[in-house]
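# Inside the fold
Take a look at the letters that make up each chain.
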Amino acid sequence: MTLTRVKYGAALGVAALSVTMFAAAPATADANKTWSRNCSDDTTYVGKVSDHVATTTKKTDGDCAGHAYVRIKVQGSWGTWASSTSTATRRSPVYKIEASQHKDCNCSTANVHTLYP
């Protein structure tokens, strides 16, 4: 057996082991929460968080005037709220999001939901 065949065989073994380890790694699931804000005609909101992105989406059903809000906790600190009339988004491209908070208006009666990726 030549040295080239030994190197090739070793490389195939490492590649096979890497694929097996990658396939066996657990997938991270997104955390999701859906709720309705109580107005004269309820509006549905959906909060989602993964390791690096959090969103709150306001659906077009209902007549609530509140925007969608989201903020994230990274390295032990809560960031500022992002808001949108449709989908509010906060991203953390480097550090993993520890938690996210989602709400349906910037008022004292807001429904605030905390999610964990």
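Coordinates for the structure precede this section.
Below you will find a few notes about this structure. Residue numbers run consecutively from 1 along every chain, following the written order of its sequence. Per-residue local features are limited, in this predicted model, to residues with pLDDT of at least 70; the limit for side-chain atom pairs, both in listing and counting, is 80 or more; totals at the level of whole chains, interfaces and linings are taken over all residues. Neither water nor hydrogens contribute to the side-chain values; these are computed over all heavy atoms in the structure.

### A short note on the pairing of strand E9 (residues 112–115)
- Because side chains alternate across E9, one face comprises the buried residues His113 and Leu115, and the other comprises Val112 and Thr114, none of which is buried.
- In this description, strands pair whenever DSSP reports at least two bridges between them. Segments assigned H or I by DSSP are reported as helices when at least four residues long, segments assigned E as strands when at least two residues long, and all are numbered from the N terminus. Note that strand E8 (residues 99–103) and E9 share four bridges and pair antiparallel. The residue bridging Ser100 from the neighbouring strand is Leu115, located in E9. Any residue under 20% of the maximum accessible area for its type is buried, any over 50% is exposed, and the rest in between are partly exposed; the area is computed with a 1.4 Å probe on protein chains only.

### Section: the nonpolar core
- Buried residues of nine kinds, namely Ala, Val, Leu, Ile, Met, Phe, Trp, Tyr and Cys, make up a nonpolar core once their side-chain atoms join them within 4.5 Å. Counting residues in hydrophobic clusters, the biggest one holds 14 residues, and the most contacted among them are Tyr45, Val49, Ala54, Val70, Ile72 and Ile97.
- Listed by contribution, the elements that provide at least two residues to this core are strand E1 (31–37), strand E2 (43–49) and strand E4 (68–74).
- Every residue in contact with Val70, bar those within four places of it in the chain, is listed here: Ala54, Thr55, Thr56, Thr80, Trp81, Ala82, Ala88, Thr89, Arg90, Gln101 and His102. Here, residues are in contact when the closest pair of their heavy atoms is within 4.5 Å.

### A closer look at the pairing of E8
- The buried fraction of E8 amounts to five of the five residues, a majority that puts the element mostly inside the structure.
- Both faces of E8 are covered, namely the face carrying Ala99, Gln101 and Lys103 and the face carrying Ser100 and His102.
- Here E4 runs beside E8; their pairing, made up of five bridges, is antiparallel. Bridge assignment links Val70 to a residue of E8, and that residue is His102.

### Examining the sheet that holds E2
- One open sheet accounts for four strands, arranged E1-E2-E3-E7; its pairing is antiparallel. Of all the strands in the sheet, just E1 and strand E7 (87–91) have a single pairing partner and so form its edges. Averaged over neighbouring strand pairs, the angle between their axes works out to 10 degrees when direction is ignored.
- For E2 and strand E3 (residues 53–58), the ladder comprises five bridges, and the chain directions are antiparallel. The axes used here are C-alpha line fits, helices contributing only the stretch in contact, and every angle between their N-to-C directions lies in the interval 0 to 180 degrees.

### Some thoughts on the state of the cysteines
- Note on disulfides: each one is a pair of cysteine sulfur atoms within 2.5 Å. Evaluated as defined, the whole model comprises two disulfides.
- Two residues share a disulfide in this structure: Cys39 and Cys64, whose sulfurs sit 1.8 Å from each other. Across the disulfide from Cys39 to Cys64, rotation about the S-S bond amounts to roughly 120 degrees, and the bridge is consequently right-handed. Taken together, the residues span a long stretch of sequence, with Cys39 in the loop between E1 and E2 and Cys64 in the loop between E3 and E4 at a distance of 25 residues.
- Taking relative accessible area as the criterion, Cys39 reaches 23% and is therefore assigned partly exposed.
- Two residues share a disulfide in this structure: Cys105 and Cys107, whose sulfurs sit 1.7 Å from each other. Here the disulfide of Cys105 and Cys107 is left-handed, its torsion about the S-S bond being about -45 degrees.
- Residue classification places Cys105 among the buried residues on the basis of a relative accessible area of 5%.
- Regarding the disulfides, the protein carries the connectivity 1-2, 3-4 under sequence-order numbering of its bonded cysteines.

### Side note on the pattern of salt bridges
- Each salt bridge in this description consists of a side-chain nitrogen of Lys or Arg and a carboxyl oxygen of Asp or Glu lying within 4 Å of one another. This model, assessed by the stated rule, comprises two salt bridges.
- For Arg37, the salt bridge is made with Asp104, and the minimal N-O distance between the two is 3.1 Å. Of this pair, Arg37 sits in strand E1 while Asp104 sits in the loop between E8 and E9; the two residues are 67 residues apart in sequence, bridging distant segments of the chain. Here the two residues Arg37 and Asp104 agree in accessibility, since each one is buried.
- Residues Asp51 and Lys96 are paired through a salt bridge, measuring 3.8 Å at the closest nitrogen-oxygen approach. Of this pair, Asp51 sits in the loop between E2 and E3 while Lys96 is found in the loop between E7 and E8, placing the two residues 45 residues apart along the sequence.

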